[in-house]
Amino acid sequence: MSRIVNASPVRDSVPLYDRRQIVEMSSPTFGQLLKNVGDVTGDDESPLHQALTMDPLHSNIPFVLAFNNLTYSVKVRRKVNFPVISRSRSSRSAAEEIPSTRTKVLLNDICGEARDGELLAVLGASGSGKSTLIDALANRIAKDSLKGTVTLNGEPLHSKLLKVISAYVMQDDLLYPMLTVEETLMFAAEFRLPRSLSKSKKKSRVQALIDQLGLRNAAKTIIGDEGHRGVSGGERRRVSIGIDIIHDPIILFLDEPTSGLDSTSAFMVIKVLQRIAQSGSIVIMSIHQPSYRILGLLDRLIFLSRGQTVYSGSPLTLPQFFADFGNPIPENENRTEFALDLIRELEGSGGTKSLVDFNKTWQHMKRTSSTNQNAETTARNKNHLSLKEAISASISSGKLVPGSTHVATSPTSMVPTFANPIWTEIGVLSKRSFTNSWRMPEIFAVRFGAVMVTGFILATMFWRLDSSPKGVQERLGFFAFAMSTTYYTCADALPVFIQERYIFMRETAYNAYRRSSYCLSHALTSIPALIFLALSFAAVTFWAVGLDGGFSSFLFYFGVILASFWAGNSFVTFLSGVVPHVMLGYTIVVAILAYFLLFSGFFMNRDRIPSYWIWFHYISIVKYPYEAVLHNEFEDPTKCFVRGIQMFDNSPLGAVPNSLKEKLLSSISSTLNMRITSSTCVTTGSDILVQQGITQLSKWNCLWVTIAWGLLFRILFYFCLLLGSKNKRS
């Protein structure tokens, strides 16, 4: 078994051109790290500052990412003031604002390369183009907008291939707050590692990664958020990195990985990235202002100023570069701080064109004066494998675990688009969602409390309704309010996806799982809670209100309530995929549901709605469950709701004495030539349905239409995921 030893200080003391030779002799892939990992026996030694002793026979598979003449510009709208002279004698010259557009260049002819085993850092002031360059290399800019070429081992790097051999770590730590560090990485392993890999091997891989990231002491701690204390900022950042390197990608992009961290945490993060690079990955990151210790870990630097390269090379040659430029770096000053300060000074005093031009000249002189070194580099490049051969060799040596070793005609077809089938993805997504939600019971408790309080108020307000004409009107009011309430209580589903949106975009951007898997999982995980809420509401209200039909009618009533919850939850979920902010979403939900209730048929019968608004009646998702429960209550043709003198109850004659009502009834009988007594049934349930204009659909059809609305909104939500999560600049 291999042992764990302290990292050797040799690397930081050797010249840059010797470092790669050391890396090539000893750098393992992550798959090899997994096989050689041992146990930490020293309690005082942090796993972060440990390296794994490797077999020197294992060598790196060489990869070179080259980018040439990258240019990216956007059009910016601005208003220009033009003087306008009025024809009126009394008016003075005025200025008219006319909108115009100008082109802003964010990247201008950027060139460079990044190699496996090395850390490439992109530096510059805010707005210099650091993140834009990272996005350009990571294929996060639309192809038509970006000019230039990006190649891997001399071959064009296609979008589909880049997605499966690379990973992108965003600046923000987007994680589920109630999952532990170990659970977070384990779920990432379930997504990114193939089903053919056993559960025990996935767990071993996660444990090895926890040690590599220096997270052993925090493995059982939840991530945390504003309301739940969890891991530190540096640990969160390392967890974010771990999620994206679980499958051991060939290329790793990072946007400001040290942003918001103290100097110690930032150094620990870069130390982890150095170890990832030494395992055979290309690591490219943007960084704002590295400390002296971090600078010692970097292999290549690119300084940008307003989208142009002002320096490209090793940190070791930075002093010589600025000395030749005429601004030598003081002996005890941080090199990068001096360089950034000088760049800002030049930007404020007329631009950095002189420094950009000097960099081109200096780089040309450097290349021509290094003939011997170039000859060695050329010889080494000749030994580079083709992209197909390099990827195949990487898969064989344990890298890119989701990959396949089958014979392929192109590099793109060598690795599958997704590591797992759709049913595996649905299962893992559902398990993660249940785990995170189970640890925040207060969210469901609030929703359950709102449903139960509403049910209790309705049950006591409409207690034991009778079958009189007034009872009929009260039943109609109860059903309208109950059905609309089921929709309003679904509004709590709105922030779920809005909060998960960027986690979803990060995970699907590099094919962790299918968008359809997320959509199906999102629907499946909502159903158990909806069943519980619907059953509770139905049980509280059905018998207390005195609804008709017995147990079979209760089951149908429960089914309608459940279908309403389903349609409402799906509708709110669809809106969460459209609107970007929670408060805006709540405003839209409340407004639209109010319109649906208005056109449901309760306030105005269908035949009384103006023809130009009748379309809204048919798209009202409140209409169909409302009509379904009315069918369920009044479908019995033998049950009478208005007898004899009760026909006067909802008219001005309702206040006269019963004796007078009977005389009026007798007069009506003689006029109509039919006998009507005080016990004669005048209005049945079927008559009430006709009076309410509910004659087009049966109760079962209303139920199926309600369920279909929920399915439609889920499909629309899926298309929102497809169209709204491209995660690319235009």
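Structure: see above.
Residues numbered from 1 in each chain as written. Predicted model: local features only at pLDDT ≥ 70, side-chain atom pairs only at ≥ 80, totals over all residues. Heavy atoms only, no water.

J.: Honestly, the packing of helix H15 (residues 422-438) against helix H19 (residues 515-545) in this entry has me stumped. Any pointers?
T.: Packed helix pairs are characterised by how far apart their axes lie and by the angle those axes make with each other. Running from amino to carboxyl end, H15 crosses H19 at an angle of 45°, the nearest separation of the two axes being 8 Å. Comparing their axes, H19 and H15 come out oblique. Handedness of the crossing formed by H15 with H19: right-handed. Side by side, H15 and H19 meet where Ile422, Glu425, Ile426, Leu429, Ser430, Ser433 and Phe434 of the first sit next to Ser516, Ser517, Tyr518, Leu520, Ser521, Leu524, Thr525 and Pro528 of the second. The residue makeup of the contact of H15 with H19, split by class, is 8 nonpolar, 6 polar and 1 charged. (Axes fitted to C-alpha atoms, helices over the stretch in contact; angles between N-to-C directions. Helix = DSSP H or I, 4+ residues; strand = E, 2+ residues; numbered from the N terminus. Parallel < 35°, antiparallel > 145°, perpendicular 65-115°, else oblique. Left-handed = near helix turned anticlockwise from the far one by under 90°. Contact = heavy atoms within 4.5 Å. Nonpolar A, V, L, I, M, F, W, Y, C, P; charged D, E, K, R; others polar.)

J.: How should I be thinking about the nonpolar core in this particular structure?
T.: By size, the foremost hydrophobic cluster in this structure holds 122 residues, and its most contacted members are Ile251, Phe253 and Tyr557. Looking at which element gives the most residues to this core, the answer is helix H20 (residues 550-576), with 14 residues. Looking at this core, you find at least three residues from each of domain 1 (64-75 + 100-365) and domain 2 (440-638 + 684-725). (Core = buried A, V, L, I, M, F, W, Y, C linked by side-chain atoms within 4.5 Å. Buried < 20%, exposed > 50% of the residue type's maximum accessible area, 1.4 Å probe, protein only. Domains from an automatic or database assignment.)

J.: Explain the state of the cysteines to me, please; I cannot follow it from the model alone.
T.: Formally, a disulfide is one covalent bond, and it connects the sulfur atom of one cysteine to the sulfur atom of another. Evaluation of the coordinates by the stated rule reveals 1 disulfide. Two residues share a disulfide in this structure: Cys640 and Cys681, whose sulfurs sit 2.3 Å from each other. Taking the torsion about the sulfur-sulfur bond, which here is approximately 110°, the covalent link between Cys640 and Cys681 counts as right-handed. In this pair, Cys640 is assigned in strand E13 (residues 640-643) and Cys681 in strand E14 (residues 681-684), connecting sequence segments 41 residues apart. On the accessibility criterion, Cys640 (11% relative accessible area) is buried. For Cys681, a relative accessible area of 34% translates into the label partly exposed. (Disulfide = S-S within 2.5 Å.)

J.: Hey, could you run me through the packing of helix H5 (residues 181-192) against helix H6 (residues 199-213) in this one?
T.: For the pair H5 and H6, the least separation of the axes is 10 Å and the interaxial angle reads 130°. As summarised for this structure, H5 and H6 are arranged oblique, according to the angle between their axes. Judged by the twist between their axes, the crossing of H5 over H6 is right-handed. In contact with Glu182, Leu185, Met186, Ala189 and Glu190 of H5, H6 contributes Lys199, Lys202, Lys203, Val206, Gln207, Leu209, Ile210 and Leu213. Within the contact of H5 with H6, the residues separate by chemical class into 7 nonpolar, 1 polar and 5 charged.

J.: Help me out: how do you make sense of the pattern of salt bridges in this one?
T.: Once their charged atoms are close, side chains differing in charge can pair, the charge on each being opposite to the other. A complete count under the given rule lists 21 salt bridges for this structure. For the salt bridge of Glu182 with Lys220, the shortest nitrogen-to-oxygen distance reads 2.4 Å. Highlighted residues: Glu182 in helix H5 and Lys220 in the loop between H6 and helix H7 (233-245), separated in sequence by 38 residues. Of the residues examined, Glu182 reaches a relative accessible area of 18% and is grouped as buried. Given the relative accessible area of 66%, Lys220 is considered exposed. (Salt bridge = Lys/Arg side-chain N within 4 Å of Asp/Glu carboxyl O.)

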